[in-house]
Amino acid sequence: MKRWFSHSLSTVALVAGLGAATPALAQGAPELPRLVGVPIKPDAKTAVILKQREDLLGKMSPVTDAMLANPPPGEWLQWLRTYDLHGFSPLDQINKENVASLRPAWTWSLPQGTSEGTPLVHDGILFIYGAGDRMQALDAVTGDLLWEFTRPPRAGAPANPQVLRNFSIYGDKVYLSAPDGHLIALEAKTGKMLWDKEIVGAGYRISAGPVAIKGKLIQGITSCGGLQPGGCFVLGLDANDGKELWRFNTLARPGEPGGNSWNGLPVEQRNGGSVWTTPAYDSETDTLYIGTGNTYNWQALAKGAPTKPRGATKEGLHLNSTIALDPNTGKMKWAYPHFPEEPWDLDWAFERQLITLPVQGRDRKLVVTMGKAVIYDALDRETGKWAFSKDLGIQNVVTKIDQRTGKKTYDPLAMPDLTGERNNLQCPAGYGAKNWPSNSFNDQTKVSFVPLAEVCGETSPRLYKSMDEYKGGGQEQRMARYHPNSDGNVGRIDAVNLATRETVWTVRQRASVTSATLATAGGVMFVGDADRYFRAYDQATGKVLWEMRLNDAINAYPISYSVNGKQYVAVAAGFGGPRIANLRQLTTEVNTPRGGGAALWVFELPSAR
């Protein structure tokens, strides 16, 4: 029987003890009682404090569908705050005029390991996930620990703590999608584990938590670029017990739309299509929008089966696509391929933002996204038809975008050379100029804030005479290179007006920009970098208004929340794993502490609480 490890500080025994009796006692004095292990009853002050914490937890209300659809301004209830994934805070107490006075309110050490997480805040309680499957609830004003859950060790678990970028609060539960493929439900008020259910088997992984919709949890699965036959999938799960209700395979199967796009490969040789981020959801049309990644098995896709059926193509649907699903059944409504037949590890697997924008003189409801190559694609939310694209000018693999369909034409010289005689300078490299750190969008100004790294790569394929030799992983060798004509500044932030399709401003710096951006109604945008700086920018001009150097690289999702009328900004810091290490090939002087030291930082204005 599995045990759960959780404690609420209102019930923790406070234990103290004395050592062995000292020989300095006077001869004949009465022997002191041995008190080792005897609990000390909390004094009156301790009891009051513990009662206050217990009351804070007790007042927590269930998170409803209505709250997720329209969250209170001071709350951050899901990954990018709202179903449309704008990553925007409507709070404006911290603004362009006063942000220079921002100061730390409190900090909290997290378990050592990569920290890419998103804190969630509800009813004055901040929830944070740490490496090694540790969930903690903190007083969002003081930083005091209210409860923590530590998952017990599992046989065969990875030696290194895995990354989980977000989790979910729904009803009276906290849902932790453990990276090893389990879904864990915790009681939100106590941290007590209610159940732990394996939802995918060995070899798969989860990097992002589910989105909660009408009694269901919609969960994407990753790490299908190895040898998992048939590719990745999305699960619809019952929020009550984790039972699987439906499954959608992200790669087209024979007999399905797109099923003949795999160059004759049988299902067991089709892999990839990981779902690395949490889907967006449109409540008006009851539609999910998911993004899929690439296949690492691109050599098999390019060569195809020895015998191909009539009409076979090598697009590899639905890799690098936006897919619209019915959340009730998992049935596909439409799919749009952004980068079909893609051999460069340039996924289109990131946030799908639901935005209304003018197109040819009239407002249209769109789903807007970009991949590692930093090209915006905007699609009609209802039909999936292409509306517009915008290239931010870093990539060198696309030479043309069709202005009717959005189809990209690839440069033949950018395609990997399967003779092994030629290396390519690929821009960006597979690390991505854009990656999982999300853009934020201000719907009032129609400006999107994009965290970037100007990094190319000298690449050459690892050649396989037979795909039977392939055992998973990347099929290329890659060394980071500066972008042509680079001045050495690798980090970059672009502010793009999506209504006019014009770049408002660009800021460039030496260190790569590695966190998501956070835009607020106060006209301020927050973002962090690999050199430990967390900064506030003027959204209109790109001017730095405030900065502070934290304890480690900032590689996570900043949020803003308010309690009792006071606004806070929070972000986790902690070494960001292989992507930051790869980007630092170009900035070797940018260092962080050996061994790392993950921590949660919370900032406030110096006004009285």
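On a predicted model such as this, the values are computed, not experimentally measured, just so you know.

Asker: In this structure, what is going on with the overall build of the chain? I would like to understand it.
Answerer: Within the chain, the secondary structure is distributed over four helices and 41 strands. When the accessible surface of the chain is totalled, it reaches about 24,500 Å², and 51% of it is carbon and sulfur.

Asker: So what exactly am I meant to see when it comes to the packing of aromatic side chains here?
Answerer: To describe a pair of aromatic rings, one takes the distance between the centres and the angle between the planes. According to the stated counting rule, one finds 19 aromatic pairs in the structure shown. Taken together, a centroid distance of 6.2 Å and an interplanar angle of 50° make the contact between Tyr-175 and Trp-195 tilted. Residue Tyr-175 is located in strand β11 (residues 173-178), and its partner Trp-195 is located in strand β13 (residues 193-198); the two are separated by 20 residues in the primary sequence. Under the relative-accessibility criterion, Tyr-175 is labelled buried at 2%. An aromatic cluster of three or more residues is present, and its members are Phe-526, Phe-534, Trp-546, Trp-601 and Phe-603. The side chain of Arg-247 reaches across the aromatic face of Phe-233, ending 4.2 Å from its centre. One cation-aromatic arrangement involves Arg-478 over Tyr-431; the distance from NZ or CZ to the ring centre is 4.9 Å.

Asker: Help me out: how do you make sense of the sheet that holds strand β20 (residues 321-325) in this one?
Answerer: Remark on secondary structure: sheet strands pair via backbone hydrogen bonds, oriented parallel or antiparallel. If you trace the four strands from one edge of the open sheet to the other, you get β18-β19-β20-β21, paired in antiparallel fashion. Looking at the sheet topology across the chains shown, the edges are occupied by β18 (280-282) and β21 (332-337). Direction aside, neighbouring strands of the sheet carry axes that sit 20° apart on average. Examined bridge by bridge, β18 and strand β19 (residues 287-291) share three bridges and lie antiparallel to one another. Within β19, the position partnered with Tyr-281 by the bridge is Leu-288.

Asker: Is there a simple way to think about the sheet that holds strand β37 (residues 533-538) in this case?
Answerer: Strand order in this open sheet of five strands is β4-β35-β36-β37-β38, and the pairing throughout is mixed. Each having just a single partner strand, β4 (88-89) and β38 (544-549) make up the two edges of the open sheet. Where strand β35 (residues 518-520) meets strand β36 (residues 524-528), two bridges bridge the pair, whose relative direction is antiparallel. Of the residues in β36, the one forming a bridge with Leu-518 is Phe-526.

Asker: Can you walk me through the nonpolar core in this structure?
Answerer: Considering soluble globular proteins, one finds that nonpolar side chains tend to be buried as a cluster. Counting residues in each nonpolar core, the largest one holds 95 residues, and the members touching the most others are Phe-526 and Tyr-561. Those residues in contact with Phe-526 that sit more than four places away from it in its chain are Ile-94, Val-99, Leu-102, Ala-516, Thr-517, Leu-518, Thr-520, Phe-534, Arg-535, Ala-536, Pro-558 and Val-569. Listed in part, the 27 residues of the second largest apolar core include Ala-280, Leu-346, Leu-354 and Leu-379.

Asker: What should I look at first to understand the state of the cysteines in this one?
Answerer: Counted under the stated rule, the structure contains one disulfide. With a sulfur-sulfur separation of 2.1 Å, Cys-427 is cross-linked through a disulfide to Cys-456. In this structure the cystine formed by Cys-427 and Cys-456 twists about its S-S bond by roughly 105°; its chirality is therefore right-handed. On the criterion of sequence distance, the pair formed by Cys-427 in the loop between β28 (424-426) and β29 (440-442) and Cys-456 in strand β31 (residues 455-461) is long-range, its members being 29 residues apart. With relative accessibility at 1%, the residue Cys-427 sits in the buried group.

Asker: Sorry if this is basic, but what is going on with the side chain of Asp-347 here?
Answerer: Here Asp-347 lies in the loop between β21 and β22 (353-359). Overall, Asp-347 belongs to the buried group, its relative accessible area being 4%. Looking at Asp-347, its side chain comes within polar contact range of the main-chain nitrogen of Asn-294, at 3.4 Å. Ignoring anything within four residues of it in the chain, the contact list for Asp-347 reads Trp-276, Gly-293, Asn-294, Asn-320, Gly-371 and Lys-372.

Asker: Can you help me understand the environment of Leu-418 in this one?
Answerer: For Leu-418, the position within the fold is in the loop between β27 (408-410) and β28. Apart from the residues within four sequence positions on either side, Leu-418 is in contact with Trp-298, Gln-299, Lys-303 and Leu-463.

Asker: So what exactly am I meant to see when it comes to the pattern of salt bridges here?
Answerer: Enumeration according to the criterion identifies 31 salt bridges in this entry. In this structure, Asp-172 and Lys-173 form a salt bridge, with 3.2 Å as the shortest nitrogen-oxygen distance. The class for Lys-173 is buried, based on a relative accessible area of 16%. Within the structure, one salt-bridge network assembled from shared partners comprises Glu-454, Asp-487, Arg-492, Asp-494 and Arg-508.

Asker: Which parts of the structure should I look at to understand the side chain of Thr-369?
Answerer: With respect to the helices and strands, the residue Thr-369 is situated in strand β23 (residues 362-370). Separated by 3.3 Å, the side chains of Thr-369 and Arg-352 make a polar contact. Leave out the neighbours within four places in its chain, and Thr-369 touches Thr-322, His-338, Trp-348, Phe-350, Glu-351, Arg-352, Ile-375, Tyr-376 and Asp-377.

Asker: Just to check I follow, could you spell out the environment of Tyr-568 for this structure?
Answerer: Mapped onto the fold, Tyr-568 is located in strand β40 (residues 566-573). Placed 494 residues apart in sequence, Tyr-568 and Gly-74 show a C-alpha to C-alpha distance of 9.3 Å.

Asker: Just to check I follow, could you spell out the pairing of β20 for this structure?
Answerer: One face of the sheet, then the other: side chains in a regular strand alternate in exactly this way. Among the five residues that make up β20, five are buried, leaving the element largely enclosed by the rest of the structure. Covered by surrounding structure in β20 are Ser-321, Ile-323 and Leu-325 together with Thr-322 and Ala-324, the residues of both alternating faces. Alignment of β19 against β20, held across four bridges, turns out to be antiparallel. From the neighbouring strand, Ile-290 faces β20, where its bridge partner is Ile-323. Across five bridges, β20 lies against β21 in antiparallel orientation. Of the residues in β21, the one forming a bridge with Ala-324 is Trp-334. Linking two consecutive strands that pair antiparallel, namely β20 and β21, is a turn of six residues; a positive phi of about 80° is found at Gly-330 within it.

Asker: How should I be thinking about the confidence of the model for the chain in this particular structure?
Answerer: Interpreting fine coordinate detail is not advised for predicted regions of low pLDDT. The pLDDT averaged across the chain works out to 90; a share of 90% of its residues lies at or above 70. A low-confidence stretch, residues 1-5 (pLDDT under 50), is modelled with 10 contacts involving residues beyond four sequence positions or located in other chains.

Asker: I would appreciate a short explanation of unusual backbone geometry in the present structure.
Answerer: Residue His-318 follows Leu-317 across a cis peptide bond; omega there is 10°. Looking at where His-318 falls in the secondary structure, it is placed in the loop between α3 (298-303) and β20. At the junction of Cys-427 and Pro-428, the peptide bond is cis and its omega measures out at -10° in the coordinates. Mapped onto the elements of the fold, Pro-428 is located in the loop between β28 and β29. Not every positive phi belongs to a glycine, and Asp-286 is a case in point at roughly 55°. When you line up the elements, Asp-286 lands in the loop between β18 and β19. Despite not being glycine, Arg-532 has its phi angle at roughly 80°, a positive value. You can see Arg-532 is positioned in the loop between β36 and β37.

The rules we used
Residues numbered from 1 in each chain as written. Predicted model: local features only at pLDDT ≥ 70, side-chain atom pairs only at ≥ 80, totals over all residues. Heavy atoms only, no water. Helix = DSSP H or I, 4+ residues; strand = E, 2+ residues; numbered from the N terminus. Areas by Shrake-Rupley, 256 points an atom, 1.4 Å probe, with all protein chains shown as cover. Phe/Tyr/Trp six-rings, centres within 6.5 Å; stacked < 30°, edge-to-face > 60°. Buried < 20%, exposed > 50% of the residue type's maximum accessible area, 1.4 Å probe, protein only. Lys NZ or Arg CZ within 6 Å of the ring centre and 35° of its normal. Pairing = 2+ DSSP bridges. Axes fitted to C-alpha atoms, helices over the stretch in contact; angles between N-to-C directions. Core = buried A, V, L, I, M, F, W, Y, C linked by side-chain atoms within 4.5 Å. Contact = heavy atoms within 4.5 Å. Disulfide = S-S within 2.5 Å. Polar contact = N/O pair within 3.5 Å; in protein donor to acceptor, adjacent residues only side chain to side chain. Salt bridge = Lys/Arg side-chain N within 4 Å of Asp/Glu carboxyl O. pLDDT = per-residue confidence, 0-100.

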